[in-house]
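Structural description and commentary
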Amino acid sequence: MNLSDHSCNQITPLFTRRDILKNFSCGFGWLAFAAIANKAAATTTPAGAIENPLAPKKPHFAARAKRVIFLTMRGGPSHVDTFDYKPQLIADTGKPGKRPGTQLLGSKWKFTQNGRSGLWISEAFPNVAKHADELCLVRSMQTDLPSHPQAFLKMHTGSFQFVRPSLGAWTLYGLGTENQNLPGFITLTPPSGFGGAQNYGSAFLPAIYQAQRIGQEGRPVAGAEVKNLDTSLSTQAQRNELALVQSLNQEKLVRDGVNPEVEGVIQSYELAFKMQSQMPQVMDISKESPATQKLYGIGDPATEDFGRKCLLARRCVEAGVRFVEITHGNWDQHFNLTNALAANAKAVDGPIAGLLTDLRLRGLLKDTLVVWAGEFGRTPHAQGGDGRDHNNKAFTVWDGGRRREGRLELRHHGRVRLRGGGKQSADQ
Amino acid sequence: MKTYQISPIFALLLAAGPAMAALDEGKKADVAQAEAIPQDQLDFFEKKIRPVLTDKCYKCHSEKAEKLKGGLMVDSREGIRRGGDSGPAVVPGNLKDSLLIEAIHYGNKDTAMPPQKAGGKLPADVIQDFEKWVQMGAPDPRNGGPVTVAAAKKYDTEKSKDWWAFKAPKKTEVPAVQDAAWARADIDRFLLAGLEAKGLKPVADADKLTLIRRVYFDLVGVPPSLDEIRAFEQDKSPNAFATVVDRLLNSPQFGERWGRHWLDVARYAESSGKEANFAYPHAWRYRDYVIAAFNADKPYDEFLREQIAGDLLPAKTERERAEHEVATGYLAIGAKSQNENNPRQYALDVADEQIDAISQGVLGMTIACARCHDHKFDPIPQREYYAMAGIFLSTDTRYGTASGQQNRHATQLIELPASSGLPTITKILAPAERAQKEKQLADLEKERNEMISERMEARREGKPANGVDVKKGVRLLILLTQTGMLESELNSFDASGRPKILAMGAKDRPAMSSASAGGGGRFGGMFAGGGKGGRFYGSVTAFPTITDSPLYARGDVDKPGDKVPRGFVSILSNGNAPAIPEGTSGRLELAEWLTAPTNPLTSRVMVNRVWHWLFGKGIVESTDNFGTTGHLPSDQALLDHLALDFQKKGYSVKKIIREIVLSHAYQLSSNFNPKDFAADPENTLVWRMSKRRLDAECIRDAMLSVSGDLQYSAPVGDAVAMAGDGMINGPRGRGMSEAQLNVDTPVRSVYLPDARDAVPESLALFDFAENSLVTGDRETTNVPSQALFMLNSKFVEKRAERLGERVVAGYPSGPNGGLGANLQERITYAYWLVFSRPPDNAERTAATAFFTRFPANWAKGQSGAAGVRDADAARAAWTSFCRALFASAEFRYVN
């Protein structure tokens, strides 16, 4: 399996532009690219080289981020209890809410100012708060509908009405990926509902841009695996089999004279063979030091699962995966807010802080975009005695990675209300 | 997330056509209107307002505008008050709703006006003047202005009207060719003339082995058996190939192959997809209808009529009536947002999906692009989109699904009489079980109804919502889901326990409103009473009766404009669209309009699809888009010839396939030829047959077929049908699991579960159709996940193992014959089975070498290697060898 045996000079000028495009939307170019580029040469394709759809592409504008870790908080985390400080709401607790018959409910969590920037963050996130100067809070988010499935899908594809490619698929389409032996877009434990595969699908883009899904929400990531990676054969026996496959393919290539698609098949086997060994390596966290594992909260049952996901996310981006999404649910606290939100926050706070620390130590934080987001926020008024309803009119997301130091962003219409209800009272 | 807004600049960059010149006349009447306005207000307008409008706005927002922006004209009272695409610019007396006021405040950078190049934000005192003016009632002496929104955006279609596809197919003389002996059919003469014009010649013919493999995959989707190959090889008559073709066209496997093609176009799937994915357990009836229609060679025009308006067609027998109803499943199987809580949005989305499926599928037009604005490229005004939308808003689309959590839009299904003789799945609900479930339902209903009454009461009494126990809300949600599921189940069986014959489909809505109209499920009405903001109201139909659709500005369901009479797209009507009788949806007329011989697209689009499915590339490459953004035909004379021929031959799909397959062009080899390639690298002129990757179904079915496992008999229903209503792979284990959806029964692939976002792995990996969208042209990708599937999946392993057994059994060697026994015969046999040809010498050498090396390496991988018997190693070697054959490129491609 020598990469250099398959450099692009095998391609004769007899290939049509169409064949080449077709071919390269089919994967052959992965290898052609691998032979002529290395990870570091991420932004250029040598003149005359043939474009591979997954090859790193130079963006139209200089980018400060090279990779994305998307921390999806499914269920709509309460912004007013986490990252959106509402002093007036706390003062007004018990007063009537905008929705008839409701009462305002101030956060039960204390907020403190953190870092040099003095960002207000609730005590539910004590560890993330230590990274305040690396965060950029966006407290002016809103979305169309206060219903999980639609808002969740909209967050991922921009539309719940139409079938559209997901965020990661677009990213991969636009930027390619840096390790051609691994998927360029990986999603860990996404929910099967709420839009399901569409949340990481490629819709009308070629299937090559969809995510490799690993695991499913509700099941520990520790037991999750990539399909069809395990062979029942010994490595040597499988090599024999693969050699036979490739000799058949070479035979066909000779017979056909010119057939880029057969080249594509040949390359897909070489890649598959590499993925077979590389993917389990990336998924294997046992070689991480105990200190690193501890940093992510692995070992503590409360943080173990999300810690593993965060660590896997780091291993993936470090290995050159362009876009990694990890999902944590369920943040849908209609009731039992006090305990459930505390448990959720505990499950993710330490691991996220660990992830940010680890990325920084490895010099990856400066160009990794870490996004923390749910599909919407929650109402300032209470639901029941100890819960909050959906609120699509206001919520908070943040991105880490020193894009802007400790900054508070009020984008869009910039309407921030002290009580946290958004532009209109949210009654859904 | 940031709400995506279409910027006004983006919206409509359409020239204000000459049609608006007449508006000048209006100005003369200004004086008359002015008399009604107090003099001081009139002075205020003339001094403070009009000059600013003229100076700052008219350039882009008047009848004189070179490019009208945002559909907004502010040069008349009518225009400024009606507003543009975003809504009224000025609402007299109402600052908040006057978009013009918002715009001049520069609050929102997307809508801020005037633009920088016109001087930017107005001075504060001018802004105050405008506010004052709006508050005093926006007195405005300027008469005239646009009569309707549509008139304001009159589309200049003259240019795109000339597009070839909007003109009727032309009959062309079959061209004369130099090499007259080469041509066997008119198709050949058209193609050869094209080649000869460039001084090119077609390559040699395909050999018999290549040809029979090609035509088997193309017509029935499985490879030929060895007997069939032998028979064809031995048949030296000139009709040998025609004999094979006719046999295949008449085999039941033909419909399974070609029906599947149509199912791609019909975006067939067995669930609602989108954000909450609910099963369609009765969709398979439509699947079977399509397969049967292709097998019976149902004329294509009739096929379309039945799918669009089958319920409105006369029928001779009950069976035929039932089949007509099933055919309308075409309208019901689309993807839907079952959790949408705005009934109007939902209804319009369903209609939009139907328009999209029909317009792309049947007409190769993207009519749905005109939902929010006039089509940007094709001459389809937004108005005509809503003319068609009215047809579907007047249609009661019945797709079933069980109501409950995340499903606000369950509907009834269509129940067909047992006497129709349609099959049912083998599932029963025994009377005892029924009684038990009815009891269970009654109990749950009681609890649910009490809970609802309690809520209603609390609401009536204005009790604070905080007082309502949220846990009870969750309980109610569970109850609604459970009762919905039970109801659906009980409704699916008759009293004796047999499944009812239920189908998805469409019916006309009633002409007049009645209490029972609309609303699916027994409880729709109850929750409808909950009103806006009520979370659990059942299926409320926003359009309960036959109706015309309003034109929704920018497609926004909260901005209805004037109603548009139901009708069709005029560019395709040739001035004689059928009239829609009062009190009917218009689907029958739609079917008539689509299948009229004068419709320039329907026949062309279908023959082009057939061509695409046989040659791998359409004469028009963009099979679903014949509009101005689509491809030009590579040979319009040929396309038109085929389209007219199709009509002349009674829309027989089999005849057109037969004609193409028996042409000389189809029987060419796929060999390379440098001269032809240099002149026509993309094989547009068909100087050879293109090499093609097999569809996912062919790859899977071929593996099953050669391993001897393929079950040819058609099953009734499938796993989704057996599972009944519920979610597909829902959260917290709701509904069918991924594992259930991937259970591999050895039926043909067309009968596997086809739920949205949950297509079985064996099909999804090899570029199965995106089943939420019309797919006339599947992708072909080569990705490592396919390679991993071939190397490591249980499915392929099982097929390889079975093929190995078959091959070994084909040349038995007695109990003591080791791996070496009959090795060459067996290798040859395997090659014949898998590739329909013998191995060449190099391949034989490679195979022999494999059998030499593999067993020892295999044994090393086994624990307790010493005790491993040779027979096990031989078995493993055969499995591995056969898997390698399946995994090879040759197995996936046809020459």
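No experiment lies behind these values; they were computed from the predicted model shown.

Moving on to the overall build of chain B. In terms of regular secondary structure, chain B is built from 37 helices and eight strands. By the burial criterion, 52% of the 895 residues in chain B qualify as buried. A separation of at least 24 residues holds for 69% of the contacts in chain B among residues at least 6 apart in sequence.

With numbering aligned to this structure, UniProt lists the feature "domain: Cytochrome C Planctomycete-type" (unreviewed entry) at residues 57–116 of chain B. With 22% helix and 0% strand, the stretch residues 57–116 of chain B has end C-alpha atoms that lie 12 Å from each other.

Below, the discussion takes up the nonpolar core. Residue and element names in this part refer to chain B. Within the largest apolar cluster, 296 residues are counted, with the highest numbers of intra-cluster contacts made by I367, V610, A877 and F886. Beyond its immediate chain neighbours, meaning those up to four positions away, V610 contacts V653, I656, I657 and I660. Formed by 21 residues, the second largest nonpolar core is a distinct cluster that contains I49, C60, I80 and I101.

Right, let's get into the UniProt feature "coiled-coil region" (unreviewed entry) in chain B. UniProt records the feature "coiled-coil region" (unreviewed entry) for residues 434–461 of chain B in the present numbering. Annotated as residues 434–461 of chain B, this span is 96% helix and 0% strand, and its ends, taken at the C-alpha atoms, are 40 Å apart.

The next subject is helix α33 (residues 794–810) of chain B. Residue and element names in this part refer to chain B. Taking 1.5 Å as the rise per residue, α33 with 17 residues should run 24 Å; its terminal C-alpha atoms sit 24 Å apart, in good agreement. Along α33, the positions that sit buried rather than exposed are V796, E797, R799, A800, L803, G804, V807 and V808. Buried residues of α33 fall within an arc of 165 degrees about the axis and therefore sit on the same side. In α33, those exposed residues whose orientation departs by more than 90 degrees from the buried face are K794 and A809. Against the buried residues of α33 lie α28 (696–706), α32 (784–792), α34 (823–835) and α36 (870–887).

Residue and element names in this part refer to chain B. Between α33 and α34, the least distance of the axes is 9 Å, while the angle of their chain directions is 130 degrees. On the basis of their axis angle, the class for α33 and α34 is oblique. The chirality of how α33 crosses α34 is right-handed. Along the contact surface, α33 presents L803, V807, V808 and G810, while α34 presents R826, Y829, A830 and L833. Partitioned by chemical class, the residues of the contact of α33 with α34 number six nonpolar, one polar and one charged.

All names here are of chain B. Its place among the elements puts M365 in the loop between α18 (343–363) and α19 (382–393). A sequence separation of 13 residues divides M365 from D378, and the C-alpha atoms of the two residues are 8.6 Å apart. Leaving out residues up to four positions away in the same chain, M365 has contacts with S359, Q360, D378, L601, F626 and G627.

Bringing the interface of chain B and chain A into the picture now. The partner chain A presents 78 residues to the 74 residues of chain B that form the contact. Breaking the side of chain B that touches chain A down by element, the ones donating at least two residues are α21 (470–491), α32, α35 (841–860), α36 and α37 (889–892) of chain B. Here the element with the most residues in the side of chain B that touches chain A is α35(B); it accounts for nine residues. Across the side of chain B that touches chain A, the residue classes break down as 28 nonpolar, 24 polar and 22 charged.

Turning our attention to the pairing of strand β11 (residues 395–400) of chain A. Residue and element names in this part refer to chain A. Summarising burial for β11: six of the six residues are buried, a large majority. One ladder, built from three bridges, connects strand β8 (residues 368–373) with β11; its direction is antiparallel. In the strand pairing of β11, V371 is matched with D399.

For the rest of this paragraph, the subject is the packing of helix α8 (residues 260–283) of chain A against α32(B). At a minimum axis distance of 8 Å, the contact between α8(A) and α32(B) shows a crossing angle of 75 degrees. In terms of orientation, α8(A) and α32(B) fall into the roughly perpendicular class. Listed contacts from α32(B) to S268(A), Y269(A), L271(A), A272(A) and M275(A) of α8(A) are P784(B), Q786(B), A787(B), L788(B) and L791(B). Its residues assigned to classes, the contact of α8(A) with α32(B) comprises eight nonpolar, two polar and no charged.

Bringing the confidence of the model for chain B into the picture now. All names here are of chain B. Counting all residues, the mean pLDDT for chain B is 87, and 90% of those residues have values of 70 or more. Note on residues 1–34: pLDDT under 50 across the span, and 60 contacts to partners over four residues away in sequence or across chains. Confidence over residues 515–538 falls short of pLDDT 50; this stretch has 42 contacts with residues more than four positions distant or in other chains. This prediction of the complex comes with two scores: 0.78 for pTM and 0.80 for ipTM.

Turning our attention to unusual backbone geometry. Looking along the chain, the bond that leaves G329(A) and enters N330(A) is cis, with omega of 20 degrees. For N330(A), the location among the structural elements is in the loop between β7 (323–329) and α11 (337–361). Residue P114(B) follows M113(B) across a cis peptide bond; omega there is -10 degrees. Inspection of the secondary structure puts P114(B) in the loop between α5 (99–104) and α6 (124–135). Residues other than glycine seldom take positive phi values, yet N683(B) does so here, at roughly 60 degrees. Here N683(B) is to be found in the loop between α27 (674–679) and β7 (692–693). Taking the C-beta count within 10 Å as the criterion, N683(B) has 20 such neighbours and is therefore assigned buried. Non-glycine residue D757(B) carries a positive phi angle of around 55 degrees. Summarising the element assignment, D757(B) is placed in the loop between α30 (738–741) and α31 (761–764).

All names here are of chain A. For strand β1 (residues 67–74), the tally of buried residues reaches eight of eight residues, placing the bulk of the element in the interior. With burial as the criterion, each face of β1 is covered, one bearing R67, I69, L71 and M73 and the other bearing V68, F70, T72 and R74. When β1 meets β8, the two strands line up parallel, connected through six bridges. Looking at the pairing, T72 lines up with A373 of β8. As paired elements, β1 and β7 share seven bridges and run parallel to each other. Bridge pairing links L71 to I326 in β7.

Parameters and conventions
- Residues numbered from 1 in each chain as written.
- Chains lettered and ligands numbered in written order.
- Predicted model: local features only at pLDDT ≥ 70, side-chain atom pairs only at ≥ 80, totals over all residues.
- Helix = DSSP H or I, 4+ residues; strand = E, 2+ residues; numbered from the N terminus.
- Buried ≥ 20, exposed ≤ 12 C-beta atoms within 10 Å, placed from the backbone.
- Contact = placed C-beta atoms within 7 Å.
- UniProt positions renumbered as here; feature names shortened; annotations may be inferred.
- Core = buried A, V, L, I, M, F, W, Y, C linked by C-beta atoms within 7 Å.
- Expected span 1.5 Å × (residues − 1).
- Arc of directions from axis to C-beta.
- Axes fitted to C-alpha atoms, helices over the stretch in contact; angles between N-to-C directions.
- Parallel < 35°, antiparallel > 145°, perpendicular 65-115°, else oblique.
- Left-handed = near helix turned anticlockwise from the far one by under 90°.
- Nonpolar A, V, L, I, M, F, W, Y, C, P; charged D, E, K, R; others polar.
- Pairing = 2+ DSSP bridges.
- pLDDT = per-residue confidence, 0-100.

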